[in-house]
Amino acid sequence: MYYSHTLMKKNIYLSFFILILAIVIFNFDVINYINDLKEKLGDYYYPLDDSYIHLSIAKNISFHEVWGITRHEFSSTSSSPFFSILLSILMNLWENNPLVSLYLNIFIANLFLIIIYLYFKDEPIVLASIFTGLYFIVLLKIQTVTGLEHVLHISFIAIFWLSLFKWIESNYLKNNHLYLVYLSSFFLIISRYESLFLLFPAIIFLLIKKRNFEAITILILSLIPVISFGLFSIKKGGFFFPNSLLVKGNLSLNPFVFFQQTSIIGKITIISIIFFFITIIFLNFTLNKKTKKELYKKSYNILLKNDTFLIIFITIILHSLFAKFNWLYRYESYLLTLIIVSVPLFFKKNVTNYTKRYYLATILLIFAFFTPRFLQSEKDLEFSAKNIYSQQVQIGMFLQKNKKIITVIANDIGAICYFSDVKIIDLMGLGSTNILILKKNNPEQYKYYLNHVNYDLMVIYDSWFSNDKMKTRVKIAELKNLHHQVYGDNKVSFYIPQNSNLKKDLLGALKNFKKQLPKDTELIIYN
C-alpha cells in the first residue's frame with residue numbers, strides 16, 4: 001500500500017515536470033516563430049486569410065454593432081460564432097488590435113495542455129506521448145499561430161470526450177465528470193459545427209445504454225446556442241446555418257451531386273461503406289449458419305464492444321462525408337485530438353496485460369506515419385504568412401488608402417475587409433448572403449446580377465471564374481506573387497466597369513501602390 005502510494009506520488013511529480021517542459025517548449029517555439037515573422041515582414045501577419053474574417057466580424061461587432069464581414073450589412077460568415085464573440089470582447093479591451101486572436105489562442109493552448117495533464121497526471125508516459133502527439137500530429141503550434149478557432153474547438157472536444165469516458169468508466173457514478181460533459185457540450189457546436197459529428201454517435205450510444213436523461217440533456221444543451229444563433233441569423237436576413245457551411249460543406253440532398261462535391265477521403269469512405277455492405281450481404285448468403293454465427297460474434301467483440309473505437313469511427317465517417325480536409329490540417333485537428341487521447345483508453349480497455357511496450361510501439365508507428373506531414377506543414381506555414389502579406393494584406397491597405405473606392409467585388413475577403421472599410425460583394429457568397437442565394441437557387445440570375453451590379457473595383461483570381469460571367473469589365477492591373485506557395489492563386493486581377501469614372505484616379509493610385517509593394521510582389525498595370 002505504501003509502495004503504491006509512493007509510486008503514484010512519483011508519477012504525479014514526473015507528470016508535472018512533463019507538463020512544465022511541454023509548456024516551455026510550446027511557448028518557446030511559438031514566440032520564436034512570431035519574432036522570426038516580425039523580423040522578416042516588419043509585423044505579425046496570419047498565414048491564412050480566414051483569420052482576418054474572424055477579426056473583421058469581431059471589429060464590426062465591437063465598434064459598429066453589426067455581425068458581418070463589413071459594417072455595411074449582416075453576414076453569418078464564420079462557422080465558429082463563439083470564437084468571434086470572444087474576439088469582439090478582446091477587441092474592446094485592445095482597441096482593434098489584430099493580434100488578439102493570437103494572444104487568445106496562446107492562452108487557450110496553454111490551458112489545453114494543463115487540462116490534458118489533469119486527466120493523465122497518474123501516467124507520465126501516456127501524458128508525454130499525448131503531448132508529443134498534440135505537437136507533431138495535431139500541430140498545436142500551427143493551429144495556435146493561425147489565429148483561428150481550432151485550438152478552442154479541440155479543447156472543448158477533449159474535455160467532452162475524456163469526461164464522458166471517465167463518467168462511463170465510473171459506471172455512471174462520478175457526477176463531476178458528467179457536469180463537465182454538460183458544460184462542454186453547450187459550447188461544442190457553437191465553437192465549430194463539425195462537433196455535430198461527435199455528438200450524434202455519443203448521444204446514440206447513451207440512448208442505447210438507456211442513459212436517456214443524460215443523452216437528452218446533452219442534446220438540448222448543445223442545441224440551445226445553435227438554435228439561438230440560427231434564429232438571430234434568420235431574423236437578420238441570413239440562413240439558419242452560417243454561410244461558410246453552405247459554401248464549403250457538402251450539404252446537397254441529391255446523391256449524385258453530393259458524391260461529386262465530397263472530398264477524396266469522403267469518396268473513399270462512401271465506396272468503402274458500399275463494399276462493406278455488399279460483402280456482408282454476400283457472406284450472409286454464402287456462409288453456413290454456424291460459420292456466420294462465429295463471424296458475427298468475432299466482429300461484435302472487436303468492434304461493437306469497443307465503444308470509444310465505434311464512436312470515433314462514426315465521427316470520422318460523418319466528417320468525411322459532410323466536411324472537408326484542408327491544408328495545415330486544421331479542419332481535421334479535432335479528429336486527430338480524439339484519436340490521440342483515445343489510444344491509451346483503448347489500450348487499457350482492450351489489450352490484455354496492458355504494458356508500456358505495447359503502447360510505445362503503437363505510438364512509434366503513428367509518429368513514423370505522420371512525420372512527413374509535420375515537416376510539410378512547417379514548410380507551408382513559413383510560406384503562407386509571407387503570401388498573405390504580399391497579396392491580401394497589400395490589397396486591403398491599398399483599398400483603405402483610396403477613399404473613392406466604395407464598393408468592391410472580391411473572392412478572398414478576409415484581409416481585404418479587415419484592413420479597409422469598403423462595401424464587399426463576395427463572389428463566393430461567404431460575406432454576401434444575396435450572392436449565396438443566387439448561386440444556390442438561380443445561376444442564370446447570378447450571372448445577370450454580376451453584369452448589372454454597381455461597383456468601383458473588382459479584385460479576383462481569374463482562375464476561379466470563367467471569363468464570360470462579367471462581360472462589362474476592363475482589366476487595369478494584375479498583382480503577381482513571385483514566390484507563390486499556399487493560397488488560391490499567385491495572380492490577382494484588378495477590373496473596373498467599362499464606363500467607370502475612376503479609371504484615371506485608380507491608375508494613378510496603382511502606380512503609387514506599385515512603389516510600396518514587397519520585393520517578391522509584382523504589379524502589372526494596363527493603360
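Above this note sits the structure.
Cut-off values and rules
Residues numbered from 1 in each chain as written. Predicted model: local features only at pLDDT ≥ 70, side-chain atom pairs only at ≥ 80, totals over all residues. Heavy atoms only, no water. Pairing = 2+ DSSP bridges. Helix = DSSP H or I, 4+ residues; strand = E, 2+ residues; numbered from the N terminus. Axes fitted to C-alpha atoms, helices over the stretch in contact; angles between N-to-C directions. Salt bridge = Lys/Arg side-chain N within 4 Å of Asp/Glu carboxyl O. Buried < 20%, exposed > 50% of the residue type's maximum accessible area, 1.4 Å probe, protein only. Polar contact = N/O pair within 3.5 Å; in protein donor to acceptor, adjacent residues only side chain to side chain. Expected span 1.5 Å × (residues − 1). Parallel < 35°, antiparallel > 145°, perpendicular 65-115°, else oblique. Left-handed = near helix turned anticlockwise from the far one by under 90°. Contact = heavy atoms within 4.5 Å. Nonpolar A, V, L, I, M, F, W, Y, C, P; charged D, E, K, R; others polar. Phe/Tyr/Trp six-rings, centres within 6.5 Å; stacked < 30°, edge-to-face > 60°. Patch = residues over 30% accessible without salt bridge, like charges linked within 9 Å, V, L, I, M, F, W, Y side chains within 5 Å. Areas by Shrake-Rupley, 256 points an atom, 1.4 Å probe, with all protein chains shown as cover. Core = buried A, V, L, I, M, F, W, Y, C linked by side-chain atoms within 4.5 Å.

Draft legend 1. Geometry of the sheet that holds strand 5 (residues 491–497). The strand order across the open sheet built from 6 strands is 2-1-3-5-4-6, with neighbouring strands paired in mixed fashion. On the outer flanks of this sheet lie strand 2 (423–426) and strand 6 (521–525), each paired with one strand and no other. For this sheet, the mean inter-axis angle between neighbouring strands, taken without regard to orientation, is 20 degrees. With 4 bridges connecting them, strand 1 (residues 407–410) and strand 2 associate as parallel partners. Residue pairing in the sheet places Ala410 in a bridge with Asp426 of strand 2.

Draft legend 2. Spatial organisation of the environment of Ser463. Its location among the elements puts Ser463 in the loop between strand 3 (457–460) and strand 4 (473–481). Remark: the alpha-carbon pair of Ser463 and Asp489, spanning 26 residues in sequence, is separated by 7.5 Å.

Draft legend 3. Highlighting the pattern of salt bridges. Per the counting criterion, the structure on display carries 11 salt bridges. When the shortest N-O distance is used, the salt bridge between Arg71 and Asp421 registers 2.9 Å. Here Arg71 is found in the loop between helix 2 (50–64) and helix 3 (81–94), whereas its partner Asp421 is found in the loop between helix 18 (414–419) and strand 2, with 350 residues between them in sequence. The exposure class assigned to Asp421 is partly exposed, which follows from its relative accessible area of 37%.

Draft legend 4. Representation of the side chain of Gln391 within the structure. Tracing the chain through its elements places Gln391 in helix 17 (residues 356–401). Taking the relative accessible area as the measure of exposure, Gln391 reaches 2% and is therefore buried. Here the side chain of Gln391 touches Tyr461 through a polar contact of 2.8 Å, side chain to side chain.

Draft legend 5. Spatial organisation of helix 7 (residues 150–169). In this model helix 7 runs 28 Å from its N-terminal to its C-terminal C-alpha over 20 residues, within 8% of the 28 Å that 1.5 Å per residue would give. The element helix 7 is extensively covered by neighbouring structure, given that 17 of its 20 residues are classed as buried. Of the residues one or two after helix 7, Asn171 is the one with positive phi, at around 60 degrees.

Draft legend 6. Region of interest: the packing of helix 8 (residues 175–191) against helix 10 (residues 212–235). At a closest axis distance of 8 Å, the pairing of helix 8 and helix 10 adopts a crossing angle of 30 degrees. Classified by the angle their axes make, helix 8 and helix 10 are roughly parallel. Between helix 8 and helix 10 lies a crossing of right-handed hand. Here Leu178, Val181, Tyr182, Ser185, Phe186, Ile189 and Ile190 of helix 8 come into contact with helix 10, specifically with Phe213, Glu214, Thr217, Ile218, Leu221, Ser222, Leu223, Ile224, Pro225, Val226 and Phe229. Partitioned by chemical class, the residues of the contact of helix 8 with helix 10 number 14 nonpolar, 3 polar and 1 charged.

Draft legend 7. Seen up close, the packing of helix 19 (residues 433–441) against helix 20 (residues 443–452). Two numbers describe how helix 19 lies on helix 20: the axes approach to 6 Å, and their chain directions differ by 140 degrees. By the angle class used here, helix 19 and helix 20 are oblique. Counting all contacts with helix 19, which are made through Asn434, Ile435, Leu438, Lys439 and Asn441, the residues of helix 20 involved are Pro443, Gln445, Tyr446, Tyr449 and Leu450. A per-class count over the contact of helix 19 with helix 20 returns 6 nonpolar, 3 polar and 1 charged.

Draft legend 8. Region of interest: the packing of aromatic side chains. Scanning the entire structure with this criterion turns up 23 aromatic pairs. Relative to Phe232, the ring of Phe74 lies with its centre 5.7 Å away and its plane at 85 degrees, an arrangement referred to as edge-to-face. Within this pair, whereas Phe74 is found in the loop between helix 2 and helix 3, its partner Phe232 is found in helix 10, the two being separated by 158 residues in sequence. According to the relative accessible area criterion, Phe74 is buried, its value standing at 13%. Given the relative accessible area of 32%, Phe232 is considered partly exposed. Measuring from centroid to centroid gives 6.3 Å for Phe82 and Phe156, while their planes differ by 50 degrees, and the two rings are tilted.

Draft legend 9. Layout of a nonpolar patch on the surface. On the surface, a cluster of nonpolar side chains totalling about 890 Å² of accessible area is made up of Phe200, Ile204, Leu207, Ile208, Ile216, Ile220, Ile224, Phe309, Phe313 and Ile314. Secondary-structure elements contributing two or more residues to the nonpolar patch are helix 9 (196–208), helix 10 and helix 15 (307–322). Here Ile216 shows up in helix 10. The exposure class of Ile216 is partly exposed, given its relative accessible area of 45%.

Draft legend 10. Representation of the nonpolar core in the model. Counting residues in each nonpolar core, the largest one holds 137 residues, and the members touching the most others are Tyr52, Ile116, Phe131 and Phe494. Listed in part, the 13 residues of the second largest apolar core include Ile425, Val453, Phe465 and Tyr495.

Draft legend 11. Local environment of helix 3. Along its 14 residues, helix 3 runs 20 Å from first to last C-alpha, staying within 8% of the 20 Å computed at 1.5 Å per residue. Buried within helix 3 are the following residues: Pro81, Phe82, Phe83, Ser84, Leu87, Ser88, Leu90 and Met91. At its buried positions, helix 3 is contacted by helix 2, helix 4 (100–120), helix 7, helix 8, helix 10 and helix 18. After helix 3 finishes, the residue Glu95 shows a positive phi value of roughly 50 degrees.

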